[in-house]
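Summary of the model geometry
The chain contents come next:
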Amino acid sequence: MATEGPQENETVSSLRSEAETLKGKLEEERAKLHDVELHQVAERTEGLGQFVMKTRRTLKGHGNKVLCMDWCRDKRRIVSSSQDGKVIVWDAFTTNKEHAVTMPCTWVMACAYAPSGCAIACGGLDNKCSVYPLTFDKNETMAAKKKSVAMHTNYLSACSFTNSDMQGCDKKAMVWDMRSGQCIQSFETHESDINSVRYFPSGDAFASGSDDATCRLYDLRADREVAIYSKDSIIFGASSVDFSLSGRLLFGGYNDYTINVWDVLKGTRVSILFGHENRVSTLRVSPDGTAFSSGSWDHTLRIWA
Amino acid sequence: MSTNNIAQARKMVEQLRIEAGIERIKVSKAAVDLMNYCEQRARNDPLLVGVPASENPFKDKKPCTIL
C-alpha cells in the first residue's frame, strides 16, 4: 500500500497525456474532412429575397419578464411562463388567455406543452418539474390536479416532453444518446456561454445561440462547426434560436431586444426585427411554420409572420 | 482523493476515445445534404416563401364592414 503513491501519480499523468493526445487526434480527424465551407457550397443556391415579417399579435398579461414559451401541436395555443410566477396558456389567434396557474415560486424558467395538448409542464426556482392537466371545468382548479414529476437539486432551466437530447453546458454543446446515457459528441467553439440549442429539421445538425453574440451551426455527421452567424454590429448575446420549417432560416432572439433572421446556408442576415422593449428571452417557430413567437423581459409575447 | 483523480482522468480518456473514434463525413457532403434538404422543402416553408393573408391565420384579412 505504501508503494501506491508514485504508481497512482504515474497513472494520472499518463492518463492526462493520453487525453491530450486524443484531443489532438480529434482535431486532426475533424480537420481532414474540412474540405470546404458551407457558404461556399451554398453559392449555388438562390439568394433569398426581401422579408416582410411583422408583429401580428402581442400577448399581454404577464406581470414580469417572460422567460419561456412553447407551442401546442394545434398550432394556435401557446404556454408561457414568467418571473411573476405565473404560467399562462394563450390562444394565439384571438390573444385570449385560456388558463393561468400561479406557481409557488417566482422565476418560472421553463415550460412546455404536452404533445397531446392536454397538459403543460413547468418549473423553476422550486427545483421541480410539475405537470398540470389542462381543464376547462370551472369546478376544478388547475392547481389541485398538479403532479410533480421530477425533483432536481437546483432550479429547472428547461423541460420538454420529447427527449431533449442536447444540452448547452457553458461553452460546450453536448449530444447525448438517451438510451445509453452517453455523451457521444461535444463541440466547444463558442467563446462564451451557450444559451440555446435547437436541432435542424433533418436532425443532422443543430444551431446554438451564445453570449458571445454569435449563433453557430454544427453538423453532426461532419462532427464540426460549419457556419457562424455574426456581424460586427451585433454585440449582445443571443438567448434563443429556432429554425423555420425547411431549415433555411434561423431566427435568433438577442439581448439587445432584436430578432435577427439568418440565411442558414449562405451565412448572411436577411432581416432584423424590432418591436420588443427589452431582452428577447425565448423564441419558437410554430409547429406548422406559419409564424414564430418571441417572449421578452418586456413582459409580452409577440407573434410574427 | 487520488482514486477520484484516476477515475476522473480515466473517464475523460474514455470519453475522448469515444469521440475520436466516431465516423465522420466530409463537410462538402454534409453541406450538400443540408442544401438539398432546404431546397426540397422550401416551397412548403410559410415563413420562407410567404403565404397569402387568406391562408395564414395570423395575418389579418381586411375587416368586413356591416352596412
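Residues numbered from 1 in each chain as written. Chains lettered and ligands numbered in written order. Predicted model: local features only at pLDDT ≥ 70, side-chain atom pairs only at ≥ 80, totals over all residues. Heavy atoms only, no water.

Topic: the overall build of chain A
The cut-off we apply is this: Helix and strand definitions here come from DSSP, where helices need a minimum of 4 consecutive H or I residues and strands a minimum of 2 consecutive E residues; each element is numbered from the N-terminal end. A simple rule labels every residue: compare its accessible area, found with a 1.4 Å probe on the protein chains alone, to the largest value its type can have, and call it buried under 20%, exposed over 50%, or partly exposed in between. We call two residues in contact when some of their heavy atoms are within 4.5 Å. Computed with a 1.4 Å probe, the accessible areas rest on the Shrake-Rupley method; for each residue, only the protein chains presented here act as cover.
Along the backbone of chain A there are two helices and 23 strands. The buried share among the 305 residues of chain A stands at 50%. Across chain A, contacts joining residues at least 24 apart in sequence account for 44% of those joining residues at least 6 apart. As displayed, chain A has an accessible area near 14,000 Å², and 47% of this comes from carbon and sulfur atoms.

Here we look at the sheet that holds strand 3 (residues 77-82) of chain A
Adjacent strands of a sheet pair through backbone hydrogen bonds, lying either parallel or antiparallel. All names here are of chain A. Stated precisely, the cut-off is as follows: Any two strands with at least two DSSP bridges between them are considered paired. Orientation is described by lines fitted to C-alpha atoms, with helices fitted over the stretch in contact, and by angles between N-to-C directions that extend from 0 to 180 degrees.
Taking strand neighbours across the sheet as the criterion, the four strands line up as 2-3-4-5 in an open arrangement whose pairing is antiparallel. Of all strands in the sheet, those bounded by a partner on one side alone are strand 2 (66-71) and strand 5 (96-102). Each strand of the sheet is rotated relative to its neighbour by a mean of 20°, with strand direction disregarded. Alignment of strand 4 (residues 86-91) against strand 5, held across six bridges, turns out to be antiparallel. Residue pairing for strand 5: Val89 is matched across the bridge by His99.

Describing the confidence of the model for chain B
Residue and element names in this part refer to chain B. The line we're drawing: Confidence of the prediction at every residue is given by pLDDT, a number between 0 and 100.
The predicted model of chain B averages 85 in pLDDT, with 85% of residues at 70 or higher. Model confidence for chain B, summarised as mean pLDDT per element, is weakest for helix 1 (residues 2-20) at 84 and strongest for helix 2 (residues 27-41) at 96. In the predicted assembly, ipTM is 0.84 and pTM is 0.86.

Points about the pairing of strand 21 (residues 280-285) of chain A
Residues and elements named next belong to chain A. The element strand 21 is extensively covered by neighbouring structure, given that five of its six residues are classed as buried. In this structure, strand 21 lies alongside strand 22 (residues 292-296), joined through five bridges in antiparallel fashion. Residue pairing for strand 22: Val285 is matched across the bridge by Phe292. Hairpin connection, strand 21 to strand 22: the antiparallel pair is bridged by six residues, and Gly289 has positive phi, about 70°.

As for the interface of chain B and chain A
Selection rule: Simply put, the buried area is the total loss of 1.4 Å probe accessible area from both parts when two parts are fitted together. Think of a salt bridge as a Lys or Arg side-chain nitrogen and an Asp or Glu carboxyl oxygen that are within 4 Å of each other. Nitrogen and oxygen atoms within 3.5 Å of one another constitute a polar contact, given that in protein one can donate a hydrogen and the other can accept it, and given that sequence-neighbouring residues count only through two side-chain atoms. All amino acids are sorted into three groups, where Ala, Val, Leu, Ile, Met, Phe, Trp, Tyr, Cys and Pro are nonpolar, Asp, Glu, Lys and Arg are charged, and the leftover types, Gly among them, are polar.
In this assembly, 41 residues from chain B lie in contact with 62 residues from chain A. Summing both sides of the interface, chain B and chain A together bury roughly 4,600 Å²; the carbon and sulfur share of this comes to 70%. A salt bridge links Arg17 of chain B to Glu18 of chain A, with the nearest nitrogen and oxygen atoms 2.5 Å apart. Along the contact surface separating chain B from chain A lie 14 residue pairs in polar contact (both at pLDDT 80 or more). Elements represented by at least two residues in the side of chain B that touches chain A include exactly helix 1, helix 2 and helix 3 (46-49) of chain B. Among the elements that make up the side of chain B that touches chain A, the one with the highest residue count is helix 1 of chain B (13 residues). Class assignment of the residues belonging to the side of chain B that touches chain A gives a composition of 23 nonpolar, six polar and 12 charged.

Regarding the environment of Arg17 of chain B
You can see Arg17 of chain B is positioned in helix 1. Excluding residues within four positions of it along the chain, Arg17 of chain B makes contact with Glu18 and Leu22 of chain A. Polar contacts involving the side chain of Arg17 of chain B include one to the side chain of Glu18 of chain A, which spans 2.5 Å.

Quick look at the state of the cysteines
Inclusion rule: We call a pair of cysteine sulfur atoms a disulfide whenever their separation is within 2.5 Å.
The tally for this structure, following the rule as stated, stands at zero disulfides over all chains. The cysteine Cys111 of chain A is free of any disulfide, with Cys68 of chain A supplying the nearest cysteine sulfur at 3.9 Å.

Remarks on the sheet that holds strand 1 (residues 55-59) of chain A
Residues and elements named next belong to chain A. With respect to topology, four strands assemble into an open sheet ordered 1-23-22-21, the strand pairing being antiparallel. Taken across any chain shown, the strands that pair with only one partner, and hence form the sheet edges, are strand 1 and strand 21. Sheet twist, expressed as the average angle between the axes of neighbouring strands with direction ignored, equals 20°.

Comments concerning the layout of surface pockets
Under the convention used in this document: Cavities and pockets are defined on a 1 Å grid built over the protein atoms alone: a cavity is a set of grid points where a 1.4 Å probe fits but cannot escape, while a pocket is an open set with protein on both sides within 12 Å along at least five of seven lines, and lining residues are those with an atom within 4 Å of any such point. Grid points are joined across faces, edges and corners, and a volume is the space filled by probe spheres set on the points.
By volume, the second largest pocket is sized at about 530 Å³. Together, 23 residues line the second largest pocket, and Leu26, Glu27, Arg30, Ser186 and Glu188 of chain A are the ones closest to its centre. Every element with two or more residues in the lining of the second largest pocket is listed here: helix 1 (4-32), strand 12 (182-187) and strand 16 (224-229) of chain A together with helix 1 of chain B.

A look at the packing of aromatic side chains
Residues and elements named next belong to chain A. This is how the line gets drawn: Only Phe, Tyr and Trp rings are paired, with Trp represented by its six-membered ring, and only when their centres lie within 6.5 Å; those with planes under 30 degrees apart are stacked, over 60 edge-to-face, the remainder tilted.
Taken as a whole and assessed by the stated rule, the structure comprises 10 aromatic pairs over all chains. Measuring from centroid to centroid gives 5.1 Å for Phe206 and Tyr218, while their planes differ by 20°, and the two rings are stacked. With a gap of 12 residues between them, Phe206 in strand 14 (residues 205-210) and Tyr218 in strand 15 (residues 215-219) connect regions that are remote in the sequence. Judged by relative accessible area, which is 0%, Phe206 ranks as buried. For Tyr218, a relative accessible area of 0% translates into the label buried.

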